[in-house]
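Each chain, written out:
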Amino acid sequence: ILNVEQSPQSLHVQEGDSTNFTCSFPSSNFYALHWYRWETAKSPEALFVMTLNGDEKKKGRISATLNTKEGYSYLYIKGSQPEDSATYLCAFGTGGFKTIFGAGTRLFVKA
Amino acid sequence: EAQVTQNPRYLITVTGKKLTVTCSQNMNHEYMSWYRQDPGLGLRQIYYSMNVEVTDKGDVPEGYKVSRKEKRNFPLILESPSPNQTSLYFCASSFRLPGLGTGNGYTFGSGTRLTVV
């Protein structure tokens, strides 16, 4: 059974703090790793889709790295703002029609 | 505006009363999928469709049906809902196969919160 683990489950930071969280996935048969941002009462929105080992993607203050050999990806937020408060989901692409989602990391940024 | 439209947003129903949750996308995406989200668990795939008239089961298909008669629409049907189907449901679409990593990932609908009493 393929499993995608995200840690921590939740995280409380102060405004201005930089933070990061982890997505762990099977290192064999890797095809893709997605990151999504999910704000309360909204729907998840795609942040990044990464396919190559060593990939780094950036969007504003948010960036992500990918290590397919060891099976993990990091999401970094630089200088967290209250509007960054959301659940961050990662999803592992199995090479076909399925993506397997982790349970998410819930980020709370206090002003 | 490019979007996935899901209806209704909220639904309370009784056990055994058939219901349909509609999903429509205006991006000409070939791939569509239904997920359910329960506390502490990741999004779990119910059914997916690769194109018109082509559908297949995901990880939790029991108690659900789908159809894809037109490219833009992918309704989720609960023939005889039960309380264990109380959940938050999302429809999602993708231009390319999301499992391969081509394209920009999923576009999600706004979600349907279903309560079965």
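Here, the structure is the one placed above.
The notes below deal with the structure included here. Values in this document were obtained by computation on a predicted structure and should not be read as measured data.

With that settled, consider the pairing of strand β8 (residues 72-77) of chain A. Residue and element names in this part refer to chain A. A one-sided burial pattern is seen for β8, the buried positions being Ser73, Leu75 and Ile77 and the unburied ones Tyr72, Tyr74 and Tyr76. Relative to β8, strand β3 (residues 19-24) runs antiparallel, the two sharing six bridges. The residue of β8 that forms the bridge with Thr19 is Ile77. For strand β7 (residues 62-67) and β8, the ladder comprises six bridges, and the chain directions are antiparallel. Bridge pairing in β8 places Thr65 opposite Tyr74. Joining the antiparallel neighbours β7 and β8 is a turn of four residues, in which Gly71 adopts a positive phi near 75°.

Interface size is often expressed as the accessible area that is lost when the parts come together. With 23 residues of chain A at the contact, the number on the chain B side is 28 residues. The junction of chain A with chain B conceals about 1,800 Å² of combined surface from both sides, 62% of it contributed by carbon and sulfur atoms. When the area that chain A buries against chain B is broken down by residue, the three leading residues are A:Phe97, A:Lys98 and A:Phe101, summing to 33%. At the boundary of chain A with chain B, the tally comes to zero salt bridges. The set of elements that each furnish at least two residues to the side of chain A that touches chain B consists of β4 (32-38), β5 (45-50), β9 (86-93) and β10 (99-101) of chain A. The leading source of residues in the side of chain A that touches chain B is β4(A), at four residues.

Here the focus is the packing of aromatic side chains. In the structure shown here, the tally under the stated rule is 19 aromatic pairs over all chains. Ring geometry for A:Phe30 and A:Phe92: centres 6.0 Å apart, planes at 45°, overall tilted. Separated by 62 residues along the polypeptide, A:Phe30 in the loop between β3 and β4 and A:Phe92 in strand β9 bring together distant segments of the chain. The class of A:Phe30 is buried, set by a relative accessible area of 16%. Judged by relative accessible area, A:Phe92 falls into the buried class, the value being 1%. Grouped by ring-pair contacts, the aromatic residues A:Tyr36, A:Trp38, A:Phe101, B:Tyr31, B:Tyr35, B:Tyr48, B:Phe90, B:Tyr106 and B:Phe108 constitute a single cluster.

Scoring rules and cut-offs
- Residues numbered from 1 in each chain as written.
- Chains lettered and ligands numbered in written order.
- Predicted model: local features only at pLDDT ≥ 70, side-chain atom pairs only at ≥ 80, totals over all residues.
- Heavy atoms only, no water.
- Buried < 20%, exposed > 50% of the residue type's maximum accessible area, 1.4 Å probe, protein only.
- Helix = DSSP H or I, 4+ residues; strand = E, 2+ residues; numbered from the N terminus.
- Pairing = 2+ DSSP bridges.
- Contact = heavy atoms within 4.5 Å.
- Buried area = accessible area lost by both parts, 1.4 Å probe.
- Salt bridge = Lys/Arg side-chain N within 4 Å of Asp/Glu carboxyl O.
- Phe/Tyr/Trp six-rings, centres within 6.5 Å; stacked < 30°, edge-to-face > 60°.

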